[in-house]
Amino acid sequence: MKYSLAILSLCALPAYADVDITGNVEAKCVIQTTKSGVYGNPIASKLSTTPADGGVLPVIRFDVALANYYTANITHPTSFSSSPALSDTVAWTGSTSVTQTSDAGMSGYDAAKVVYDNTTVFDLTVAGSTWFSTASSATYAASKPFVGGVYTAIVQASCVAK
Amino acid sequence: MLQNKLIIFFLVWAFSTHAHEMTPAYPIVKPSHVTGVVKVDLSLFNSREEIKYYEIGLFDLNWDSIPFSATYRIIKVAYQTRKNFSVYIRKSDMDEATYVCTTSKVKKQLESKTLVSSRICSRLDGMPA
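This report concerns the structure included in the present document. (Residues numbered from 1 in each chain as written. Chains lettered and ligands numbered in written order. Predicted model: local features only at pLDDT ≥ 70, side-chain atom pairs only at ≥ 80, totals over all residues.)

**Notes on the overall build of chain B**
Okay, step 1: When helices and strands are tallied, chain B shows one helix and eight strands.
Okay, step 2: In chain B, the order of α-helices and β-strands from amino to carboxyl end is α-β-β-β-β-β-β-β-β.
Okay, step 3: Counting contacts in chain B only where the partners sit at least 6 residues apart, residues at least 24 apart contribute 63% of the total. (Helix = DSSP H or I, 4+ residues; strand = E, 2+ residues; numbered from the N terminus. Contact = placed C-beta atoms within 7 Å.)

What follows is the structure in structure tokens.
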């Protein structure tokens, strides 16, 4: 009887178990499209994302979990991905710059950027978020007016492991 | 009351995400079930509502394409879902294979705008020293 009570009392005790919560912070890049750009049409022969021209700059945010593992490579367009038929050439210009950062240590990104062809490379040397905006402008040859229709161009935002 | 609604609307708008994420940055190259072929396992998360498809690509250091195999080269990833996938590469190409990337496929639009195509590339030749 005594033994049975002892065994029963053991059974009545609550069970305890340790449950581990584990986490892993690894090199990771997330690209967020904060804003798609819109082309303004300030004069008949020009399409531009610059706000002064009635456009909207596309804004892209890069989040990196660890410092020094990725570069942000942003390519501004040099052709339309879709447009009405154009018989003449289009002159393209563009540039990319840092517009906002989550860390003061990112303040040197713009000065240290490398530009080749139509691509701008930023070395993401600090963990956190960086916002980039890309200006794009297309001028139709010899100041001819653009044909009426919808014009779309693509900004390529790449996050490349170093 | 209206002010509170506006604040909530602004917060929802400001923190809504349209993100493309791919991990790991430095995938482990594993043997596959096919002789002479290795594989890497990757994971893609899509929270870009306007994007449904991502294209897989394999490149060398000069961004020239390298042949590879995968169940699908263009994978459908629904909004706010994760997709795990494997990329199969010939062992003989591993000396040159450097970047494995996923690129968002953008849809044709009805207004004049710039679209953002996002691309994330993992590196196959190891972490930087």
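**A look at the interface of chain A and chain B**
Where interface size is quoted, it is often the accessible area lost as the parts come together.
Okay, step 1: Listed by partner, the interface residues are 33 residues for chain A and 29 residues for chain B.
Okay, step 2: For the side of chain A that touches chain B, the element with the most residues is strand β10 (residues 152-161) of chain A, which contributes 10 residues.
Okay, step 3: Direction of pairing for strand β1 (residues 29-35) of chain A relative to strand β1 (residues 19-23) of chain B: antiparallel, over a ladder of four bridges. Looking across to β1(B), one finds that A:Q32 is bridged to B:A19. (Pairing = 2+ DSSP bridges.)

**Digging into the nonpolar core**
Okay, step 1: One finds A:Y70 and B:V100 to be the most contacted residues of the largest nonpolar core, which totals 37 residues.
Okay, step 2: Ignoring anything within four residues of it in the chain, the contact list for B:V100 reads B:V40, B:L42, B:L58, B:V87, B:C121, B:S122 and B:L124.
Okay, step 3: Residues A:Y39, A:L47, A:A138 and A:F146 belong to the second largest nonpolar core, which totals seven residues. (Core = buried A, V, L, I, M, F, W, Y, C linked by C-beta atoms within 7 Å. Buried ≥ 20, exposed ≤ 12 C-beta atoms within 10 Å, placed from the backbone.)

**Details of the environment of B:V116**
Okay, step 1: Following the sequence through the fold, B:V116 ends up in strand β8 (residues 113-123).
Okay, step 2: What makes B:V116 buried here is the crowd of 28 C-beta atoms within 10 Å.
Okay, step 3: Distance from B:V116 to B:S104, taken between C-alpha atoms, is 8.7 Å for residues 12 residues apart in sequence.
Okay, step 4: When residues no more than four places from it in sequence are discounted, the contact partners of B:V116 are A:T33, A:S36, A:P58, A:I60, A:V155 and A:A157.

**Considering unusual backbone geometry**
Okay, step 1: At the junction of B:T23 and B:P24, the peptide bond is cis and its omega measures out at -5° in the coordinates.
Okay, step 2: Positive phi, close to 50°, is recorded for A:D117, a residue that is not glycine.
Okay, step 3: Position of A:D117 among the secondary structure elements: in the loop between β7 (114-116) and β8 (119-124).
Okay, step 4: A:D117 gets classed as exposed once you count the C-beta atoms within 10 Å, which come to 8.

**Focus: the pairing of β1(A)**
All names here are of chain A.
Okay, step 1: Taken across its seven residues, β1 has five buried, putting it largely inside the fold.
Okay, step 2: In terms of strand pairing, β1 meets strand β4 (residues 59-64) through six bridges, oriented antiparallel. If you follow V30 over to β4, its bridge partner there is D63.

**Remarks on the environment of A:A67**
All names here are of chain A.
Okay, step 1: Tracing the sequence through the fold places A67 in the loop between β4 and β5 (70-75).
Okay, step 2: Each C-alpha atom of the pair A67 and K28 lies 9.8 Å from the other, and the pair is 39 residues apart in sequence.
Okay, step 3: With residues up to four places along the chain from it excluded, the contact list for A67 reads T125, V126 and A127.

**Points about the environment of A:F62**
Residue and element names in this part refer to chain A.
Okay, step 1: If you trace the backbone, F62 turns up in strand β4.
Okay, step 2: Judged by C-beta crowding, with 24 C-beta atoms within 10 Å, F62 ranks as buried.
Okay, step 3: Taking the C-alpha atoms as reference points, F62 and C159, 97 residues apart in sequence, are found 7.8 Å from one another.
Okay, step 4: Look past the residues within four positions of F62 in its chain and what remains in contact with it is C29, I31, A72, L124, T130 and C159.

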